[in-house]
Protein chains: 6
Amino acid sequence: MTQGLPEWRITREPYYRPVGDELAQFRQAHARRLPLLLKGPSGSGKTRFVEHMAWALDRPLITVVCHEDMTASDLLGRYLLDAQGTVWHDGPLTLAARHGAICYLDELIEARPDALVALHPLADTRRALPLERKGELLQAHPNFQLVASYNPGSNRALQPATRQRFVALALAPPNAEAQAEIVVQESGVTPAMAARLVAIARGACGSRDSQDSQDHADAAVSTRMLVHAGQLMREGAAARVACDMALTQALDDDPEIAQAVRDLVEAHFT
Amino acid sequence: MTQGLPEWRITREPYYRPVGDELAQFRQAHARRLPLLLKGPSGSGKTRFVEHMAWALDRPLITVVCHEDMTASDLLGRYLLDAQGTVWHDGPLTLAARHGAICYLDELIEARPDALVALHPLADTRRALPLERKGELLQAHPNFQLVASYNPGSNRALQPATRQRFVALALAPPNAEAQAEIVVQESGVTPAMAARLVAIARGACGSRDSQDSQDHADAAVSTRMLVHAGQLMREGAAARVACDMALTQALDDDPEIAQAVRDLVEAHFT
Amino acid sequence: MTQGLPEWRITREPYYRPVGDELAQFRQAHARRLPLLLKGPSGSGKTRFVEHMAWALDRPLITVVCHEDMTASDLLGRYLLDAQGTVWHDGPLTLAARHGAICYLDELIEARPDALVALHPLADTRRALPLERKGELLQAHPNFQLVASYNPGSNRALQPATRQRFVALALAPPNAEAQAEIVVQESGVTPAMAARLVAIARGACGSRDSQDSQDHADAAVSTRMLVHAGQLMREGAAARVACDMALTQALDDDPEIAQAVRDLVEAHFT
Amino acid sequence: MTQGLPEWRITREPYYRPVGDELAQFRQAHARRLPLLLKGPSGSGKTRFVEHMAWALDRPLITVVCHEDMTASDLLGRYLLDAQGTVWHDGPLTLAARHGAICYLDELIEARPDALVALHPLADTRRALPLERKGELLQAHPNFQLVASYNPGSNRALQPATRQRFVALALAPPNAEAQAEIVVQESGVTPAMAARLVAIARGACGSRDSQDSQDHADAAVSTRMLVHAGQLMREGAAARVACDMALTQALDDDPEIAQAVRDLVEAHFT
Amino acid sequence: MTQGLPEWRITREPYYRPVGDELAQFRQAHARRLPLLLKGPSGSGKTRFVEHMAWALDRPLITVVCHEDMTASDLLGRYLLDAQGTVWHDGPLTLAARHGAICYLDELIEARPDALVALHPLADTRRALPLERKGELLQAHPNFQLVASYNPGSNRALQPATRQRFVALALAPPNAEAQAEIVVQESGVTPAMAARLVAIARGACGSRDSQDSQDHADAAVSTRMLVHAGQLMREGAAARVACDMALTQALDDDPEIAQAVRDLVEAHFT
Amino acid sequence: MTQGLPEWRITREPYYRPVGDELAQFRQAHARRLPLLLKGPSGSGKTRFVEHMAWALDRPLITVVCHEDMTASDLLGRYLLDAQGTVWHDGPLTLAARHGAICYLDELIEARPDALVALHPLADTRRALPLERKGELLQAHPNFQLVASYNPGSNRALQPATRQRFVALALAPPNAEAQAEIVVQESGVTPAMAARLVAIARGACGSRDSQDSQDHADAAVSTRMLVHAGQLMREGAAARVACDMALTQALDDDPEIAQAVRDLVEAHFT
């Protein structure tokens, strides 16, 4: 039933605007099935990039959002009770390894170290997954590849034993032109309006006290928020109202930051 | 059986008195199915507003009160044992995504970060819910929308990666006139009595040492408490007794605060 | 089988001696089914008062003693395995809401905040209980009322969002005359002996260093302890022995406090 | 099958040497079925006393040793899976309440407060046990009595709400004569040898730095240890060897304390 | 099937070289079935001694290695699901008590206090095991004896209420002659080589900074390590290589300690 | 079915380049089935070495990656529900002990002490595994051997009682020549390119502030990373790009370290 994993195949090309040579680099790592680590802040397009590559390489894509309560069993699988007794159900990592999908571990750094050690035998030359509870030693499908992402600005760090099993790629944030292009594409506003929204976003970054550049990247107005503002305008919201909902209120609860963003909006829409 | 979710439809218009342009703003976010975050202190009418909008937009409404022990499984669903073996039961988020309801996550900020990451794929352009334990990738129904609320005065903060997936709306507390109107509507007392109760509530706010404005909003005499006082009077309680039960005793255990509220009540009922 | 909940009906009038106007106040809150919070120290008769009112109003009474390990499932219900598979069993709160009982949550403040949020939708105008695990939205029976009690001298505090859903009533401790009446009624000693016991109890309160009045109330000789002393005397124990068992030894392990109480007993029985 | 609880009846009189009027006091509390709290250090004979009284009153005795991991379900009961589905199994407290046994909670103070609140409705005039998970409100059998013990020297304290439901009795440690009598009775050594062992025990108490009298009681050479020494002698061990095993090595690992005890033994056996 | 517990009988005499009068002392405690506590550092032969005594007394031996996650259920037993429903499975302590084995609790001090209280009724004159979950009060078999061991150098301490139920025996480490005899017996090297190995072990003890004598005992080169070195030599390893693997590398990771041990080895094999 | 454990046999010789006399040392420990501990930093080839030895000795190899959430049951086995009721499933350690495999515990030091005590009876002369939950005392197969590895630079330490049951072997990192040989063999680059990559790796070690030598070993550019770089080049990546992905980005997120590595790469490829 899961042969070929049709449910996990991406049938329409996901829109992705490259910012460097990342398409070729992903292909080179994929050719050797090397585990690949994508580094970049929240909203930098990591998830969209992986979706695009899974489509381009014609591979099923199984995504797991990592979190602190995720156990090794959540990745590997477990026994469930059936009319015939207990039956093993593959977890997403096992499913991907068995059928040759790309397994994308989003926010890898949020996972507990003990869940991550379960990845080690798959992420080196063994390419095997010992399913201890099932008593099976699963040899990964030749097409299987492990991809993971994380935000290097997080407080947590990956163990060297995990990290060194991956080759890595840093995704740079899009420049102003690329960002405006994305806003036009995803919200339907005019290029001129998109440019104004981008200018506000870049102004907002400058107007905030940023403790360090990473912190800055995280708490900045992301491309996604600009797309939201554009979408609300397309539904008839005034530019000020759309920016208040999508940028000012969504960004922070601090009244001073809110006022600074409102002033910026005001400056661009008078 | 859950097709259309008749049990979760609101059949009578819930009373809601708008304080600004929030009705239109909710409609604009709903038109694009953007995840919407409502900000406001306890008792500011967030829940009633969402009920009103679900009625106005003719959508089923599934409410989840978030708390620290809520797991991702509580939102997504789980396997339960049946005469035929284990059967999957959709959780409230899955139910809403599958059948096109508004899923309202009350007190979002109380949820653990790992429960919140389960929302991410539904709250961006993917609008998909990976049910890892079921091995299903659920594509959300076109009508599905995510709405959440929280009290910005809480000590906890949302992760930027969660927060930036939402557009946001701050609900202002009603002014004196609006508040009196609500008390009349909900308790059945006369406008004059409602005005007196509102005056006591506003006096009580002034008489307390408030460390900051947020703290103030939380611990103040809410509209709900005034409605309670009115209801007790309608059942024959003397005004002083009704205010003692609904305002003084319900507000706090501190004897000084209690005495200050009693003095205020005394001043308005002599 | 649980229709009407005959097992939870109180068939004989529980003895309760009112100390103020609490009988009428309970009736007024009940008339509107407002959630009611009873405040008072351990042993002040809160439980007996609720039993009396359930009898007087002819409602079944379902009591839940709250504690730190009580989960939302303990209140709402859970699936249990049966010969036909898993069957849902209503928890006490659900049972009361479904069949129109008074649900009495004793020591509400001991419950974890996450168990308490399960009460919120029942404790406001919605009067509904979302049973997420069952996929049912239970509308409360018209007779259902929520009553809770707590000791305001505890270190813990209720969240405003919980507290403001209730109207509240403080139960004063009985005066000396009322207390003696209770001791006579419940133990069978003569009014003269009851008066002596009450005098000892009041003396014991005075003889202790009380850090604050609340602490005092908690650690004082309660009416229940005087009843115990009376009962032991009726079984043939000498007054000194009965007081030693029911008052001195039961009150505290501190030798100085014990000696002070013994001196008081001695003074009243020479 | 459990009607009358024959398995829990004590058929031979357990040896117990009273140290005061505790036999009558237990009977008086039992006549009114008052919950009874026994206070005394480890090894002071609390358990033996309860066994003796259960025999004397001809009641089954169900003993529960409390500890920090004991849950309310361990006391009340739980559902277990059977060929016919889940079947309820009474816990020891429920069993005792249903069939009229004495339920003895040894080391009550070790139990978690949330397990203790489960006792409250049984330990006041209601004498009822709400079995929430079973949906049963069990009225206690007329013969049921709750007895508990604890060591007042422990660091933990009982909540007043728990403690004040009991009448209490402090068991004094036996004097030298009584202690020697017990050693003769239980080990079979001669009265002269028993007297020597008692003298060593009392010397050992004096030779130690005791921070307070309670600490002292706990870490002292108990009657049980003297009985052990006597039993080893009866099996052919030399007095010095028996004392080394039963007193010195069993008491503490501190070499100075060990040497002091050895010196005492030496002094009594030269 | 478990009648007589043939699987747990020891059929060949385990090699044990006594260091004092411990064989007689064990027999005397066993004659009265007194609970016996063996004290001694890791590697002092406690386990071998118990195996030897079980063989000598012709009793089955059930060993439990205590640890912090061991629950009372791990000792007592639990219900397991079978084709006929749930069936009770005796835990190792219950098995031993029911069929008259010696139950040996290795590293008793590692167990949690709440698991240890489950031992109390078996470890005093009652010799009974209340299996609360099964509703059985098991009277121990006349042959049953409880034996436990612990390392007195551990940071943890036994509760007096547990400790005083045992008689105790300290096992001294073997002297040089005895140690060499064991090495010859267990590895097959010549007495001369064994003597050299013992000399290295004793030198290594002297060359280390020992904070206290207990610490010293724990981290020293144990008899077991000397046996390993002898065994490697018998397999053809050079003396230096065998000592490096069995002594130096196995003892510690500190390079200074390693060098000191290597120097000692060098001095004995030139 | 698992007789002989064909799934766990290694059929092709795994490439392993010895750095010392470790092949003979492993064989000597294996001849006596002594538990063997391999010490060395992440990436030093411990896993490959064990795979090679299992192949060379013709033994099945069962690998367990230890982590903090691994329980004793994960090692020993558990009951699972089947059509016929519960059936015991051997865990990996039990499987290895029963059928004579080498059980390799990778990262032993990550396991919790209570999981490790389960190893003790298997790791001394008893060679027995008490399966308490199954009521079986499993005598290990004559071919069974326990092998474990850990990184001595970790913060955690093994308990002496665990550690002293093993003989130990430290694996030195390969020298430059050996390392280049491995890179050629595993990636397919020319010896000249491999030498350049090795030179970069050794330069990178020198350019970093290493707090201590162990820390240094862990965070250095490992042989595995050089192999990755070579593999990317073989897929067409430019040398600079391959080194950026496999070395610079994979090593650390610190911009200064990254720049230093980039400078080194630049120096070797101009």
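## Remarks on the overall build of chain A
- Across its full length, chain A holds twelve helices and nine strands.
- Classification of the 270 residues of chain A by burial places 57% in the buried group.
- When the accessible surface of chain A is totalled, it reaches about 10600 Å², and 49% of it is carbon and sulfur.

## Quick word on the sheet that holds strand 5 (residues 102-106) of chain F
- The parallel open sheet is built from five strands, whose spatial order is 2-5-8-1-9 (chain F). Edge strands, defined here as strands with exactly one partner in the open sheet, are strand 2 (61-65) and strand 9 (167-170) of chain F. Taking each pair of neighbouring strands and ignoring which way they run, the sheet shows an average axis angle of 20°.
- Here strand 1 (residues 36-39) of chain F pairs with strand 9 of chain F via four bridges, running parallel. Each residue of the ladder has a partner; that of Lys 39 of chain F, found in strand 9 of chain F, is Ala 170 of chain F.
- Sitting on the sheet, helix 11 (residues 239-251) of chain E is in contact with strand 1 and strand 9 of chain F, with an inclination near 75° to strand 9 of chain F.
- In the packing of helix 2 (residues 46-57) of chain F onto the sheet, the strands contacted are strand 1, strand 2, strand 5, strand 8 (145-150) and strand 9 of chain F, and the crossing angle to strand 5 of chain F comes to about 180°.

## A look at the interface of chain D and chain E
- The interface is formed by 44 residues belonging to chain D together with 38 residues belonging to chain E.
- Roughly 3500 Å² of surface becomes buried between chain D and chain E when both sides are summed, with 51% attributable to carbon and sulfur atoms.
- In this structure, the connection of chain D to chain E is made through three salt bridges.
- The tally of links between chain D and chain E comes to 14 residue pairs in polar contact (both at pLDDT 80 or more).

## Section: the pattern of salt bridges
- Counted according to the given criterion, the structure contains 83 salt bridges over all chains.
- Note that Arg 165 of chain D is salt-bridged to Asp 124 of chain D, the shortest N-O span being 3.2 Å. Note that Arg 165 of chain D is positioned in the loop between helix 6 (160-163) and strand 9 (167-170) and Asp 124 of chain D in the loop between helix 5 (113-116) and strand 6 (128-131), a separation of 41 residues in sequence. No difference in accessibility class separates Arg 165 of chain D from Asp 124 of chain D, as the two residues are buried.
- Residues joined in a network through salt bridges with shared partners are Asp 90, Arg 98, Lys 134 and Glu 136 of chain A.

## Comments concerning the interface of chain B and chain C
- Each side of the interface is counted separately: chain B has 44 residues, and chain C has 38 residues.
- Between chain B and chain C, roughly 3500 Å² of surface is buried when both sides are summed, and carbon and sulfur atoms account for 51% of that area.
- Between the two partners, chain B and chain C, sit three salt bridges.
- The partner of Glu 235 of chain B in a salt bridge is Arg 32 of chain C, with the nearest N and O atoms 3.3 Å apart.
- The tally of links from chain B across to chain C stands at 14 residue pairs in polar contact (both at pLDDT 80 or more).

## Quick look at the arrangement of the chains
- Separated in space, chain C and chain E share no contact, their closest pair of C-alpha atoms being 11 Å apart.
- Between chain C and chain F there is no contact, and the shortest C-alpha to C-alpha distance separating them is 15 Å.

## Comments concerning the sheet that holds strand 9 of chain D
Residues and elements named next belong to chain D.
- The strand order across the open sheet formed by five strands is 2-5-8-1-9, and the pairing between neighbours is parallel. With partners counted over all chains shown, the strands left at the sheet margins are strand 2 (61-65) and strand 9, one partner each. Geometrically, the sheet is characterised by an average inter-axis angle of 20° between neighbouring strands, direction not taken into account.
- Pairing analysis gives four bridges linking strand 5 (residues 102-106) to strand 8 (residues 145-150), with the strands arranged parallel. Residue pairing in the sheet places Ile 102 in a bridge with Gln 145 of strand 8.

## Let's talk about the relation of the copies chain D and chain E
- For the match of chain D to chain E, the screw axis carries a shift of 0.0 Å, the RMSD comes to 0.1 Å, and the turn is 60°. Such a turn and shift between the copies fits a six-fold axis.

## Considering the confidence of the model for chain A
- When pLDDT is averaged along chain A, the result is 87, and 91% of the positions lie at 70 or above.
- Segment residues 208-218 of chain A: pLDDT under 50, and 17 contacts once partners within four positions in sequence are set aside and those in other chains are kept.

## Section: the relation of the copies chain B and chain C
- Relative to chain C, chain B is turned by 60° and slid 0.1 Å along the rotation axis, the superposed coordinates differing by an RMSD of 0.1 Å.
- Of the residues that chain B buries at the interface, just 2% are likewise interface residues in chain C, meaning the two copies contact each other through different surfaces.

## Description of the side chain of Gln 25 of chain D
- Tracing the backbone through its elements, the reader meets Gln 25 of chain D in helix 1 (residues 22-31).
- Among residues more than four places away in sequence, those in contact with Gln 25 of chain D are Val 241 and Met 245 of chain C together with Leu 169 of chain D.

## What to know about unusual backbone geometry
- Phi at Arg 127 of chain E takes a positive value of approximately 45°, unusual for a residue other than glycine.
- Secondary-structure assignment places Arg 127 of chain E in the loop between helix 5 (113-116) and strand 6 (128-131).

## Observations concerning the domain arrangement of chain A
Residues and elements named next belong to chain A.
- Domain annotation of chain A identifies domain 1 (6-170) and domain 2 (176-268).
- Distance from the C-alpha centre of domain 1 to the C-alpha centre of domain 2: 32 Å.
- If you look at the interface, domain 1 gives eight residues, while domain 2 gives eight residues.
- Counting the surface lost from both domain 1 and domain 2, the interface buries some 830 Å², and carbon and sulfur atoms represent 49% of this.
- A per-residue breakdown of the area domain 1 buries against domain 2 is headed by Tyr 15, Arg 17 and Gly 43, which together make up 59% of the total.
- Linking domain 1 with domain 2 are two salt bridges, by the criterion used here.
- A salt bridge links Glu 186 to Arg 48, with the shortest nitrogen-to-oxygen separation between them at 2.9 Å.

## Observations concerning the pairing of strand 8 (residues 145-150) of chain B
All names here are of chain B.
- Within strand 8, six of the six residues are buried, which leaves it mostly tucked inside the rest of the structure.
- Where burial is concerned, the two faces of strand 8 agree: the one with Gln 145, Val 147 and Ser 149 and the one with Leu 146, Ala 148 and Tyr 150 are both buried.
- Pairing of strand 1 (residues 36-39) with strand 8 involves four bridges; the strand directions are parallel. Bridge pairing in strand 8 places Leu 38 opposite Ser 149.

## Here we look at the packing of helix 1 (residues 22-31) of chain A against helix 2 (residues 46-56) of chain A
Residues and elements named next belong to chain A.
- Where helix 1 meets helix 2, the closest approach of the two axes is 11 Å, and the angle between their N-to-C directions is 60°. When the axes of helix 1 and helix 2 are compared, the pair comes out oblique. In the packing of helix 1 onto helix 2, the handedness of the crossing is right-handed. On the side of helix 1, the interface is formed by Glu 22, Leu 23, Phe 26 and Arg 27, while helix 2 contributes Phe 49, His 52, Met 53 and Ala 56.
- The residue makeup of the contact of helix 1 with helix 2, split by class, is five nonpolar, one polar and two charged.

Definitions and limits used
- Residues numbered from 1 in each chain as written.
- Chains lettered and ligands numbered in written order.
- Predicted model: local features only at pLDDT ≥ 70, side-chain atom pairs only at ≥ 80, totals over all residues.
- Heavy atoms only, no water.
- Helix = DSSP H or I, 4+ residues; strand = E, 2+ residues; numbered from the N terminus.
- Buried < 20%, exposed > 50% of the residue type's maximum accessible area, 1.4 Å probe, protein only.
- Areas by Shrake-Rupley, 256 points an atom, 1.4 Å probe, with all protein chains shown as cover.
- Pairing = 2+ DSSP bridges.
- Axes fitted to C-alpha atoms, helices over the stretch in contact; angles between N-to-C directions.
- Contact = heavy atoms within 4.5 Å.
- Buried area = accessible area lost by both parts, 1.4 Å probe.
- Salt bridge = Lys/Arg side-chain N within 4 Å of Asp/Glu carboxyl O.
- Polar contact = N/O pair within 3.5 Å; in protein donor to acceptor, adjacent residues only side chain to side chain.
- Least-squares fit on C-alpha atoms with pLDDT ≥ 70 in both.
- pLDDT = per-residue confidence, 0-100.
- Domains from an automatic or database assignment.
- Parallel < 35°, antiparallel > 145°, perpendicular 65-115°, else oblique.
- Left-handed = near helix turned anticlockwise from the far one by under 90°.
- Nonpolar A, V, L, I, M, F, W, Y, C, P; charged D, E, K, R; others polar.

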